[in-house]
Amino acid sequence: MADTGTDQGSSSDLRMGSLEVRLAESAAEIDWAQALRYRVFYEEMSAVPSPEMAARHRDFDDFDTICDHLLVIDHARGDGPESVVGTYRLIRRPAAAKAGRFYSSDEYDIGRLVSYPGEILELGRSCVDAAYRTRGSSMQLLWRGIAAYVFHHDIAVMFGCASLPGTDPVAMAEPLAYLHHFHLAPEELRPVALPERYVGMDLMPRDRIEPKRALTVLPPLIKGYLRLGGFIGDGAVIDHQFNTTDVSIVVKTDLITNKYSKHYERRSRDAQIA
């Protein structure tokens, strides 16, 4: 596991019962992640697949062959596509260089992030099998895996797109305005929606927003990023294929790496005492 980027934690931190989080180690395991993505995005969330995707029952694109795929595997489900119950796609600079771009550059001008002097990581294609979402352990393991990956590769900033369901910004006026007024990224790190796709998020005055109410309707993933001190880019983007309204997320990893480092320093110290 030395080359996986998730080997920095102890095995007990990357396993919970029959569940394990690690990077995909073969083309077959990437295929299993694509199968989960298809079930969630196209069968459950009613995204519109291409004819080839529909024929193969897989969600895929050109990035899949050059990036890292973080997987939550339930060993109780055997050894096959059904064993992958959670996934995240991780794109660092080398993979983006091979592709000629980062994935989210189709929706946002991310020039400020690309020119950032530290290591950067694009997160995407996050999903968890429906049967595992209420347990919490799958998403918890994904976050542990991301923390290990960030620590291993010395990532300074994470970014990507997160989605709100639906394509009517007016119906989401309060949560979008809340994100804009309360969590806008600092200018030096701020992605901006491309002009031809830009949808303004400033749909309500700040003093008319009830933050607690706005938070209740935000998807759990976006709330998770905010808890990590995440920021939001300027402008939303409508994605008709996925029937979503996308926002750009930026997270400086200081909080993640500090907590991670202290956690494993404490574990190492306790082990030496024992």
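The structure contained in this document is the topic of the report that follows. Please read these numbers as outputs of a predicted model, since none were measured by experiment.

1. Some remarks on the pattern of salt bridges
No. 1: All chains considered together, the criterion is met by 17 salt bridges.
No. 2: Linking Glu 25 and Arg 22 is a salt bridge whose minimum nitrogen-to-oxygen distance equals 3.6 Å.
No. 3: For Arg 22, a relative accessible area of 9% puts it in the buried group.
No. 4: The salt bridge involving Asp 129 is made with Arg 39; its shortest N-O contact spans 3.3 Å.

2. Quick look at the environment of Val 250
No. 1: Its place among the elements puts Val 250 in strand S11 (residues 244-252).
No. 2: For the pair formed by Val 250 and Met 158, sequence separation is 92 residues and the distance between their alpha carbons is 5.8 Å.

3. Some points on the nonpolar core
No. 1: In this structure, Met 158, Leu 179 and Val 247 are the most contacted members of the largest nonpolar core, which totals 46 residues.
No. 2: If you tally residues by element for this core, the top one is helix H5 (residues 137-153), at six residues.
No. 3: The next biggest cluster of nonpolar side chains, apart from the first, holds 16 residues, and it includes Ile 110, Phe 159, Ala 193 and Val 250.

About the thresholds
- Residues numbered from 1 in each chain as written.
- Predicted model: local features only at pLDDT ≥ 70, side-chain atom pairs only at ≥ 80, totals over all residues.
- Heavy atoms only, no water.
- Salt bridge = Lys/Arg side-chain N within 4 Å of Asp/Glu carboxyl O.
- Buried < 20%, exposed > 50% of the residue type's maximum accessible area, 1.4 Å probe, protein only.
- Helix = DSSP H or I, 4+ residues; strand = E, 2+ residues; numbered from the N terminus.
- Core = buried A, V, L, I, M, F, W, Y, C linked by side-chain atoms within 4.5 Å.

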